[in-house]
Amino acid sequence: IIGSDAVTIMEPYLASHTMQIVCLAGPKGFHELIETNGTLSRRFEKVLVKETDSRTLLRYLEHEVAQYEHKHKVFFIFPAVRTIAESAGRYFGDAPALDRAADMLSEIVPTAKQSGKHVITKADVLELVERKTGIPLGEINHTERDKLMGLETTLHQRIIGQNEAVTAISNAMRR
């Protein structure tokens, strides 16, 4: 039925006790699509799934890495595995950390093999994160360090009378 609302068509099935329907949505999708629709919010019970804690994520990665090492004949040093776990939570906010970490694993192995590497290091992980996010990672060079240390002075030349704001921005930039 062209032009019909899908929820209206599904309403008899959603109301039925003979059929169980499970709907999965992230926080944004839930808020935009389900929570704002009275029919859907009445028919579905909200169940929150907690984000994986760092210890569980690291154990999961250790298990997955063992399988990747065996299958692809590569070796991950532990700092690389720890950096994947940290980066998944810090730099990629669009999916659960477990999914982001798994995606990073599946991307880093072919990249390393293409460049002829058999050992995956922390630097390899940081390079992948930098390439995906555009955020420069790794060691800060002398010029960048000087700019960050003098950031308040530079900002005060352009922003007048906003000392607290300049300090907050400078601290955030240094972090």
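For the structure itself, look to the data block above.
All values derive from a computational prediction rather than experimental measurement.

Thresholds, definitions, all that
- Residues numbered from 1 in each chain as written.
- Predicted model: local features only at pLDDT ≥ 70, side-chain atom pairs only at ≥ 80, totals over all residues.
- Heavy atoms only, no water.
- Axes fitted to C-alpha atoms, helices over the stretch in contact; angles between N-to-C directions.
- Helix = DSSP H or I, 4+ residues; strand = E, 2+ residues; numbered from the N terminus.
- Parallel < 35°, antiparallel > 145°, perpendicular 65-115°, else oblique.
- Left-handed = near helix turned anticlockwise from the far one by under 90°.
- Contact = heavy atoms within 4.5 Å.
- Core = buried A, V, L, I, M, F, W, Y, C linked by side-chain atoms within 4.5 Å.
- Buried < 20%, exposed > 50% of the residue type's maximum accessible area, 1.4 Å probe, protein only.

Asker: Sorry, what's going on with the packing of helix 4 (residues 54-72) against helix 6 (residues 97-114) here?
Answerer: For any two helices packed against each other, the geometry is given by the interaxial angle and the distance between the axes. In contact at an axis separation of 11 Å, helix 4 and helix 6 are set at 25 degrees when each is read in the N-to-C sense. Regarding the angle of helix 4 to helix 6, the classification is roughly parallel. By crossing handedness, the relation of helix 4 to helix 6 is classed as right-handed. Contacts between helix 4 and helix 6 pair L57, Y60, L61, E64, V65, Y68 and H72 from the former with A97, L98, A101, A102, L105, S106, V109 and K113 from the latter.

Asker: Would you take a moment to explain the nonpolar core for this structure?
Answerer: Looking at soluble globular proteins, one finds that nonpolar side chains tend to be buried together. Judged by nonpolar contacts, the single largest core of 25 residues is most densely connected at L61, F76, I84, M104 and I120. Looking at this core, the elements with two or more residues in it are helix 4, helix 5 (78-91), helix 6 and helix 7 (122-133). Among the elements that take part in this core, helix 6 stands out by supplying seven residues, more than any other. V7, L14, I34 and L40 belong to the second-largest nonpolar core, a separate cluster that totals six residues.

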